[in-house]
Amino acid sequence: MKALITGITGQDGSYLTEFLLGKGYEVYGLIRRSSSFNTERIDHIYKDPHENTKLKLVYSDLTDGSNLHSLLNGINPDEVYNLGAQSHVRVSFDQPIYTANVDALGTLRILEAIRSMKKPAKFYQASSSEMYGQVAETPQTEKTPFYPRSPYGCSKVYAFWQTINYREAYNIFACNGILFNHESPRRGETFVTRKITRAAARIKLGLQDKLYLGNLEAKRDWGFAGDYVEAMWLMMQQKKSDDFVIATGQTHSVKEFLDEVFSYLEMDWEKYVEIDSRYYRPAEVDMLLGDASKAKKVLGWEPKVDFRELARLMADADMKIAKNEKIIVDHQGE
Ligand code: NAP
Ligand code: F7E
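Note that this is a predicted model, so its numbers are computed, not measured.

Take the overall build of the chain next. Regarding its fold elements, the chain presents 11 helices and 13 strands. C-alpha atoms of the chain, sized along the principal axes, occupy 60 × 50 × 40 Å. Out of the 334 residues belonging to the chain, those deemed buried represent 51%. Looking at the chain as shown, the accessible area adds up to about 15500 Å², and 50% of this sits on carbon and sulfur atoms. Counting 43 positive and 46 negative side-chain charges, the chain places the averaged centre of each group 4 Å from the other.

A word on a negative patch on the surface. Together, E256, D259, D268 and E270 make up a negatively charged patch on the protein surface. In this fold, E270 is placed in the loop between α9 (254-264) and β13 (273-275). The class for E270 is exposed, based on a relative accessible area of 58%.

Overall, the coordinates contain 13 aromatic pairs when judged by the stated rule. Counting every residue linked through ring pairs, the aromatic cluster contains Y132, F146, F160, W161 and F180. R115 extends its terminal NZ or CZ atom over the ring of Y170, reaching a point 4.5 Å from the ring centre. Across from the ring centre of Y279, 3.3 Å away, lies the NZ or CZ of K195, which sits over that ring.

Cut-offs and rules
Residues numbered from 1 in each chain as written. Chains lettered and ligands numbered in written order. Predicted model: local features only at pLDDT ≥ 70, side-chain atom pairs only at ≥ 80, totals over all residues. Heavy atoms only, no water. Helix = DSSP H or I, 4+ residues; strand = E, 2+ residues; numbered from the N terminus. Buried < 20%, exposed > 50% of the residue type's maximum accessible area, 1.4 Å probe, protein only. Areas by Shrake-Rupley, 256 points an atom, 1.4 Å probe, with all protein chains shown as cover. Lys, Arg positive; Asp, Glu negative; His and termini not counted. Charge placed at Lys NZ, Arg CZ, Asp CG, Glu CD. Patch = residues over 30% accessible without salt bridge, like charges linked within 9 Å, V, L, I, M, F, W, Y side chains within 5 Å. Salt bridge = Lys/Arg side-chain N within 4 Å of Asp/Glu carboxyl O. Phe/Tyr/Trp six-rings, centres within 6.5 Å; stacked < 30°, edge-to-face > 60°. Lys NZ or Arg CZ within 6 Å of the ring centre and 35° of its normal.

This is the structure in structure tokens:
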């Protein structure tokens, strides 16, 4: 089996690559050209002599339709996982048009490229709980209406419906995974969980004094990225394409995440956290809580890592990084 992944250099892309290689897939990853290296999350796979023949990286971009067209028709993958996106909600308010170009139109470009293939590949779309925005009901299911609250959320709603449209109009196997927040030690450092675990570890070792955050009352349904990529693959193995909510069924506030991490590292977060209005959003999503019972029933999928374990495994990983940082700082001071 041959899979093509957009967004392979991101958090989910790296876990999905490991997962698919483990299943014997040949994996093609689309990477963007950048002036400095951006493959840190997959370098360990690429450098592994057992895996590097089965992983191939090619340059592309979701804004480049003709390139996507020739790549898909040249590679002829069986499965396409569209994980590439400008994925930061706060940034989408600063760059709404770019976000829509990549997240909304980028999805359409991939779907058009798939439609042009002799044997159209199966398609997975990285849809998001951000589409529920100002939630119409709790918990949120596949039937809950959308009310996006950011340019990111609006772009993902567009991509969601195009995915369904290509399924219905052209009979393409196209599914939406509506994934609630999922985190890991590989989470980008500007998302709130990682920002907290990274800062807590650095504060613990005296490398940082303060942590500046925005809205501490926001609540999210946080799961572990490693668990969630399995759900993506399971959706692609079904007889019929469909849409699934992937979530833990628990919601916690940013404050609760702070409590969990700082108490684990034996500190009181209230001594270090300060509010900075720069991190507030023009419109906020106050609370998300997913109901993944359809995924459990149809896919047999359930999350394995809970909130506490997630906070601790992220804190442990960031303590390791901070300890190495400390060795360098101490060495420079000698
Ligand atoms: P991430 O770590 O931010 O990774 C995003 C990936 O998209 C990176 O590989 C990035 O490449 C790539 N990308 C950005 N702009 C691109 C462009 N113009 N053309 C091609 N690729 C581009 O995101 P993630 O957390 O792994 O999330 C994966 C997907 O799931 C995203 O679509 C996200 O919106 C969606 N999602 C995430 C969550 C979550 O909680 N993590 C929940 C629901 C849905 P560079 O490395 O070059 O920047
Ligand atoms: O914010 C609040 C912030 O940026 C979570 C993306 O993966 O998940 C992610 O989007 C909450 C928000 O994630 C800070 O206001 C407080 O209420 O970690 P986040 P997100 O916006 O939920 C969804 C499902 C996706 O699809 C997205 O791609 O935390 N918050 N203080 C803060 N957030 C950040 N980033 N930084 C702060 O300082």
